[in-house]
Amino acid sequence: MLDGFETLQVARGGVTLNVRRGGRGEPLLLLHGHPQSHAMWHRVAPRLAQRFELVLMDLRGYGDSGRPAAGTDSAAYAKREMAFDALEVMRQLGHARFQVLAHDRGARVAHRLALDHADSVERLMLLDIAPTLAMYRHTGEAFARAYWHWFFLIQPPPLPEALIASDPVRYVRSVMGARHAGLAAFAPQALAEYERCAAIAGTPEAICADYRAGAGIDLAHDQQDLQAGRLLAQPLHVLWGEHGAVGRCFDVPALWRPYATQFTGRSLPCGHYIAEEAPALLLDEILTFFRSKP
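Bear in mind that the values here come from a model prediction, so they are computed numbers and not experimental data.

(A) Representation of the packing of aromatic side chains in the model. For the structure shown, the criterion picks out 12 aromatic pairs. Here the aromatic rings of F143 and W150 are separated by 5.3 Å at their centres, their planes lie at 85 degrees, and the arrangement is edge-to-face. Given a relative accessible area of 2%, W150 falls into the buried group. Taken together, the ring pairs in this structure connect Y136, F143, Y147, W150, F151 and F250 into an aromatic cluster. Across the ring face of F289, the terminal group of R123 is positioned such that the distance to the ring centre comes to 4.4 Å.

(B) Geometry of the nonpolar core. L29, W41, L54, V100, L126, W256 and L282 are the most contacted members of the largest nonpolar core, which totals 98 residues. V100 has contacts with L28, L29, L31, A110, L113, V121, R123, L124, M125 and F290, leaving out every residue within four places of it along the chain. Among the nonpolar cores identified, the runner-up in size contains five residues, and Y77, A206, A209 and A213 belong to it.

(C) Quick peek at the environment of V246. By secondary structure assignment, the location of V246 is in helix α12 (residues 245–249). Along the chain, V246 and D128 lie 118 residues apart, while their C-alpha atoms are 6.5 Å from each other. When neighbours within four sequence positions are excluded, V246 is seen to be in contact with D128, I129, A130, M135, Y147 and V252.

(D) Region of the structure containing helix α7 (residues 159–166). Buried within α7 we find P160, E161 and I164. Looking straight down α7, one finds its buried side chains confined to an arc of 100 degrees; they lie on one side. What points out from α7, more than 90 degrees from its buried face, is the exposed set L159 and S166. Contacts from the buried residues of α7 go to α6 (148–152), α8 (168–177) and α10 (203–214).

(E) View of the sheet that holds strand β3 (residues 26–31). One open sheet accounts for eight strands, arranged β1-β2-β4-β3-β5-β6-β7-β8; its pairing is mixed. Of all strands in the sheet, those with a lone pairing partner are β1 (6–12) and β8 (260–268), marking the two edges. Neighbour to neighbour, the strand axes of the sheet diverge by 20 degrees on average, direction disregarded. In this structure, strand β2 (residues 15–22) lies alongside strand β4 (residues 52–57), joined through four bridges in antiparallel fashion. In the strand pairing of β4, V19 is matched with M57.

(F) The arrangement of empty space enclosed by the protein in detail. Within this structure, the stated rule accounts for three cavities of 30 Å³ or more. Its boundaries defined by the atoms lining it, the largest cavity holds a volume of some 100 Å³. Surrounding the largest cavity, K79, R108, H111, R112, L115, I129, T132, D218, H221 and D222 form its lining. Secondary-structure elements contributing two or more residues to the lining of the largest cavity are α3 (104–116) and α11 (217–228). In terms of residues, the lining of the largest cavity owes the most to one element, α3, which gives four residues. In the lining of the largest cavity, the residues fall into two nonpolar, three polar and five charged.

(G) Spotlight on the pairing of strand β6 (residues 121–127). Of all the seven residues making up β6, six are buried; the element is thus mostly covered by neighbouring parts of the structure. Sheet topology places strand β5 (residues 98–103) next to β6; five bridges connect them, and they run parallel. Residue pairing in the sheet places L101 in a bridge with M125 of β6. Crossover connection from β5 via α3 to parallel β6: handedness right-handed. Inspection of the sheet shows β6 paired to strand β7 (residues 232–241) by four bridges, in the parallel sense. Paired with L127 across the two strands is L239, which belongs to β7.

(H) Here's a closer look at unusual backbone geometry. The peptide bond linking H34 to P35 adopts the cis configuration, its omega dihedral lying at -5 degrees. Tracing the backbone shows P35 in the loop between β3 and α1 (45–48). Cis geometry marks the peptide bond from P157 to P158, where omega comes out at 10 degrees. Looking at where P158 falls in the secondary structure, it is placed in the loop between α6 and α7. Within the chain, D73 stands out as a residue other than glycine whose phi angle is a positive 60 degrees. Secondary-structure assignment places D73 in the loop between β4 and α2 (79–92).

Analysis parameters
- Residues numbered from 1 in each chain as written.
- Predicted model: local features only at pLDDT ≥ 70, side-chain atom pairs only at ≥ 80, totals over all residues.
- Heavy atoms only, no water.
- Phe/Tyr/Trp six-rings, centres within 6.5 Å; stacked < 30°, edge-to-face > 60°.
- Buried < 20%, exposed > 50% of the residue type's maximum accessible area, 1.4 Å probe, protein only.
- Lys NZ or Arg CZ within 6 Å of the ring centre and 35° of its normal.
- Core = buried A, V, L, I, M, F, W, Y, C linked by side-chain atoms within 4.5 Å.
- Contact = heavy atoms within 4.5 Å.
- Helix = DSSP H or I, 4+ residues; strand = E, 2+ residues; numbered from the N terminus.
- Arc of directions from axis to C-beta.
- Pairing = 2+ DSSP bridges.
- Axes fitted to C-alpha atoms, helices over the stretch in contact; angles between N-to-C directions.
- 1 Å grid on protein atoms, 1.4 Å probe; cavity = no way out; pocket = protein on both sides within 12 Å on 5 of 7 lines; lining within 4 Å.
- Points joined across faces, edges and corners; volume = space filled by probe spheres on them.
- Nonpolar A, V, L, I, M, F, W, Y, C, P; charged D, E, K, R; others polar.
- Right-handed = clockwise from strand over helix to strand, strands pointing away.

Dropping the structure here:
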């Protein structure tokens with residue numbers, strides 16, 4: 001699906017991270033969401049590779065990256081830890097400073113990356129999320145019904161893991177197919193890739209650890225930042241689907257402004273999976289927002 005992109009393996013702290021690299025220009029890191037992999041960028045990456053050096057990374061626990069044990073409080077999947085993965089990947093590829101485009105869970109990693117390593121992240125575009133702490137604080141019935149997996153995955157082990165492991169393909173199709181555009185939004189090759197990776201041993205445990213960290217240690221880190229007055233210093237551009245649960249259930253700009261010094265954003269006429277539902281519109285936003293060489 002990404003012909004011409006190099007495949008790399010980058011090791012950090014005993015975790016092997018799967019990376020694809022291609023293109024020339026300013027370095028741009030792309031981080032995917034749940035329950036996907038770097039393959040979610042396949043409709044925009046070829047065009048972007050004409051203007052950027054793209055680095056597409058599978059988050060730990062997803063795709064073909066490693067699935068370490070969760071540890072106490074699922075600390076191995078804290079967004080702070082996952083942000084270190086991204087930073088190490090970019091450093092090993094020779095990029096001390098770079099721009100970031102990220103979706104869903106990857107966008108939460110990118111948020112933490114930009115806060116903790118402000119000197120490394122130049123510009124930040126996040127797709128279809130609001131800040132984690134703000135979303136939990138403003139959760140209502142409509143959001144809880146739409147994002148049921150947020151509350152299912154954080155239940156104590158081993159029940160969520162066992163239910164996912166009983167049929168990983170059904171889990172992927174249930175989560176992704178229930179959104180605005182249904183499964184028709186996904187290229188068959190891409191959907192097959194998400195299903196393949198979901199069936200890799202250790203994936204249910206990793207997914208649950210990611211969400212348990214999001215409802216625990218990550219919230220503690222976010223609260224500490226707010227109390228200390230730490231805001232995103234980079235230009236932040238947020239896009240959300242007008243038909244997605246985030247756009248329907250939250251005032252996205254109002255939730256982001258207290259977290260950033262420079263915020264812009266708007267909705268797009270699509271659902272949650274912007275890169276696959278509205279790739280042409282996303283490309284326009286990317287090429288306008290990010291700095292690139294002609």
